[in-house]
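Structural description and commentary
Spelled out from the first residue to the last, the chains are:
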Protein chains: 2
Amino acid sequence: MTDALARLSLNTATTKRWTLAEAVDGAARAGLPAVGLWREQVATTGLARSARLVRDAGLRVSSLCRGGFLTAADDDGRRRCLAGNRAAIEEAAALGTRELVMVVGGLPCGGQGHDRDLAGARRRVADRVADLVPHARDHGVRLLLEPLHPMYVADRAVLSTLTQALDVALVHPAETVGVVVDTFHVFWDPDLPGAVARAGREGRLGAYQVCDFTLPIAPDPLLSRGMMGDGVIDFAPVTSFVAATGYTGDVEVEIFNASLWAADPEEVLRTAIERYLRLIRPFLR
Amino acid sequence: MTDALARLSLNTATTKRWTLAEAVDGAARAGLPAVGLWREQVATTGLARSARLVRDAGLRVSSLCRGGFLTAADDDGRRRCLAGNRAAIEEAAALGTRELVMVVGGLPCGGQGHDRDLAGARRRVADRVADLVPHARDHGVRLLLEPLHPMYVADRAVLSTLTQALDVALVHPAETVGVVVDTFHVFWDPDLPGAVARAGREGRLGAYQVCDFTLPIAPDPLLSRGMMGDGVIDFAPVTSFVAATGYTGDVEVEIFNASLWAADPEEVLRTAIERYLRLIRPFLR
């Protein structure tokens, strides 16, 4: 691992065609110290084997994606949500990562389409986080609340700003509930400088994920994430805000993008490293 | 005009197939007191004739859409922006409306694609608003800053929240710079209750526009607006926040939607009225 890459992590969603074993191998060969994993891929590979593959390659798991989907309004949905998230907490612990990324879920769907009670869904997120805190604490895992871009508020995450995520986290210990800063989701936020500083002050900044916001918005808006430098985000200010908090954790490249998924993962990783070194690392201090 | 519709205005973008004359006639026949107009359509119809058509039908112009696109970074772009907006101010005055809706513009495009300096673009919005205030004041017109959904931050409006629009307005007289609340653009905002209350307190709430946020996001995201009741927005809380400020102005139905544009405008207006009476009016007090 070269020193220049000492904080760069490959989130394996970026190189979707690679198996977990291939992604770990690719990251290690490229000189990266860490990978961010997804539960689905860990399940396919096997939990113990996934942990061993990462360890044997000399890497760390920077975060596990993801828990969440906390907004169910009915008893059965609530029960399934808690069971699934407790399993995710245990998997994070088994993989040796402290950071479990939480995409909190959108408006629940019923027979009539989406429920429209946004305030209610937001209250349930706070309630379910509270329900999960003891299990997370017992496993030394931190629930990282991820605010998502407001275009996903209805179908994916009712937490839309970093401030809002910090407000939910506030009543819990900082070592058990934290937040994610993902450039795609927060770059537009006029309150970002203050919110990132607050996340640092409150000791809750658990992950910094990078990818670009590309235009036009992709036909599947979830895949509108682009390689750093291909979109409209200026990584200098966001990265500087993160660095100013004293954050010394990993910088995870996490990109969902149909063209990048169709490309050679080796090449995608090479480009990601080049862009990281040029657009992000200079501002990490 | 029936009393139940005394505050409902048809923004003519909703019934795009209708000429201005047809929209004015359709609104009058349906019992609406007002229309919201677009500059392009006014230009096609002629300014004096547009004003006369509205007046002769016994209607008012609730707002003129739109000025804005204030973010140009070069001298030539700045000059064109100011000239265009001064013309828009004069047109609003000629049409007898005080309210000029301002879509402030995204990141300017250069030879290399979008400029990425979001903070700089936001500063230029404040500067251009200041440049335009004297002309607006002299014509008795109010520049209504419209925060747009953050999915448009890069290509359409760098003002993404109502709070941000109010912060730009703050240094100017309330009768010359105001804000728009459009349900589509702001429903996701966790700070909405406080921001709408502030807009009322500061005397800046100049227009309330309604339409729904539909899923999935349309292939052209600008057309993702839907008929009230067809999407995920609960109109009760937003409308209640607006009503609680003492707002007694018009409620403009403004929908850009390919299916609605393909439908019979008469039918679209009938549905809009029915939805307004059911989903919005009960919360206007």
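Right above here is the structure, for reference.
Residues numbered from 1 in each chain as written. Chains lettered and ligands numbered in written order. Predicted model: local features only at pLDDT ≥ 70, side-chain atom pairs only at ≥ 80, totals over all residues.

1. What about the overall build of chain A?
Helices and strands together make up the secondary structure of chain A, namely eleven helices and twelve strands. Here the C-alpha radius of gyration of chain A, 18 Å, is about what a compact globule of 285 residues would show, namely 19 Å. In terms of principal-axis extent, the alpha carbons of chain A reach across some 50 × 40 × 40 Å. For chain A, with 285 residues in total, the buried portion stands at 54%. (Helix = DSSP H or I, 4+ residues; strand = E, 2+ residues; numbered from the N terminus. Rg over C-alpha atoms; globule rule 2.2 N^0.38 Å. Buried ≥ 20, exposed ≤ 12 C-beta atoms within 10 Å, placed from the backbone.)

2. Quick notes on the nonpolar core
Formed by 186 residues in total, the largest nonpolar core has its most connected members in Leu-145 and Val-179 of chain A together with Leu-145 and Val-179 of chain B. Apart from residues lying up to four places away in sequence, Val-179 of chain B is in contact with Leu-144, Leu-145, Leu-162, Ala-165, Leu-166, Ala-169, Ala-199, Arg-204, Leu-205 and Gly-206 of chain B. (Core = buried A, V, L, I, M, F, W, Y, C linked by C-beta atoms within 7 Å. Contact = placed C-beta atoms within 7 Å.)

3. Some thoughts on the sheet that holds strand S2 (residues 34-38) of chain B
Residues and elements named next belong to chain B. The strand order S1-S2-S3-S4-S7-S8-S9-S12 describes a closed barrel built from eight strands, whose pairing is parallel. The mean angle between the axes of side-by-side strands here comes to 30°, regardless of whether they run parallel or antiparallel. Across three bridges, strand S1 (residues 8-11) lies against S2 in parallel orientation. Of the residues in S2, the one forming a bridge with Leu-10 is Val-35. Packed on one face of the sheet, helix H1 (residues 20-30) meets S1 and S2 and runs near 160° to S2. Docked against the sheet, helix H6 (residues 162-169) engages strand S7 (142-145) and strand S8 (177-182), running at close to 170° with respect to S8. (Pairing = 2+ DSSP bridges. Axes fitted to C-alpha atoms, helices over the stretch in contact; angles between N-to-C directions.)

4. Brief notes about the packing of helix H3 (residues 47-56) of chain B against helix H4 (residues 75-95) of chain B
Residue and element names in this part refer to chain B. Contact geometry of H3 with H4 gives a least axis separation of 9 Å together with a crossing angle of 35°. Of the two elements, H3 crosses H4, and the hand of that crossing is right-handed. Between H3 and H4, the contacting residues are Leu-47, Ser-50 and Ala-51 on the first element and Glu-91, Ala-94 and Leu-95 on the second. Of the residues belonging to the contact of H3 with H4, the class tally is four nonpolar, one polar and one charged. (Left-handed = near helix turned anticlockwise from the far one by under 90°. Nonpolar A, V, L, I, M, F, W, Y, C, P; charged D, E, K, R; others polar.)

5. Regarding the sheet that holds strand S1 (residues 8-11) of chain A
All names here are of chain A. If you trace the eight strands once around the closed barrel, you get S1-S2-S3-S4-S7-S8-S9-S12, paired in parallel fashion. For this sheet the average axis-to-axis angle between neighbouring strands, irrespective of direction, equals 30°. Relative to strand S9 (residues 205-210), strand S8 (residues 177-182) is paired through four bridges, and the arrangement is parallel. If you follow Val-181 over to S9, its bridge partner there is Tyr-208. Against the sheet, helix H4 (residues 75-95) contacts strand S2 (34-38), strand S3 (60-68) and strand S4 (99-103), and its axis sits at roughly 180° relative to S3. Across the sheet, helix H11 (residues 265-280) is in contact with S1, S9 and strand S12 (251-253); its angle to S12 comes to roughly 140°.

6. Re the interface of chain B and chain A
Interfaces are frequently sized by the accessible area removed from exposure as the parts join. Taken together, the 26 residues of chain B in the interface contact 26 residues of chain A. In terms of residue class, the side of chain B that touches chain A is made up of 17 nonpolar, five polar and four charged.

7. Digging into H6 of chain B
Residues and elements named next belong to chain B. Counting buried positions along H6 gives six out of eight residues, so the element sits mostly inside the fold. Among the residues making up H6, those that are buried are Leu-162, Gln-164, Ala-165, Leu-166, Val-168 and Ala-169. Turning to H6, the residues buried within the fold contact helix H5 (118-138), S7, S8, helix H7 (183-186) and helix H8 (192-201).

8. Section: the relation of the copies chain B and chain A
Superposing chain B onto chain A takes a rotation of 180° combined with a translation of 0.0 Å along the rotation axis, leaving an RMSD of 0.0 Å. Considering both components of the superposition, the chain copies are consistent with a two-fold axis. (Least-squares fit on C-alpha atoms with pLDDT ≥ 70 in both.)

9. Structural notes on unusual backbone geometry
The residue after Cys-65 of chain B, namely Arg-66 of chain B, is reached through a cis peptide bond having omega -5°. Looking at the element boundaries, Arg-66 of chain B is found in strand S3 (residues 60-68). Cis rather than trans, the peptide bond between Leu-215 of chain B and Pro-216 of chain B has omega equal to -5°. Take Pro-216 of chain B: it is sitting in the loop between strand S10 (212-213) and strand S11 (225-226). Residue Phe-69 of chain A is not a glycine yet carries a positive backbone phi of 50°. Mapped onto the elements, Phe-69 of chain A comes out in the loop between S3 and H4. The class for Phe-69 of chain A is buried, based on 21 C-beta atoms found within 10 Å.

10. Description of the packing of H4 of chain A against helix H5 (residues 118-138) of chain A
The description of two helices packed together rests on the angle between their axes and the distance between the axes. Residue and element names in this part refer to chain A. At their nearest, the axes of H4 and H5 sit 10 Å apart, and the two run at 35° to each other. You can see that H4 and H5 cross each other, and the crossing is right-handed. Across the interface between the two elements, Cys-81, Leu-82, Asn-85, Arg-86 and Ile-89 of H4 pack against Arg-128, Asp-131, Leu-132, His-135 and Ala-136 of H5. Looking at the contact of H4 with H5 residue by residue, the class counts come to five nonpolar, two polar and three charged.

11. Side note on H8 of chain B
All names here are of chain B. Residues Leu-192, Ala-195, Val-196 and Ala-199 constitute the buried set of H8. Within H8, the buried residues cover an arc of 95° as seen down the axis, which keeps them to one side. Against H6, S8, H7, strand S9 (205-210) and helix H9 (235-244) lie the buried residues of H8. Note on H8: the residue one or two positions beyond its end, Gly-203, has a positive phi of about 70°. (Arc of directions from axis to C-beta.)

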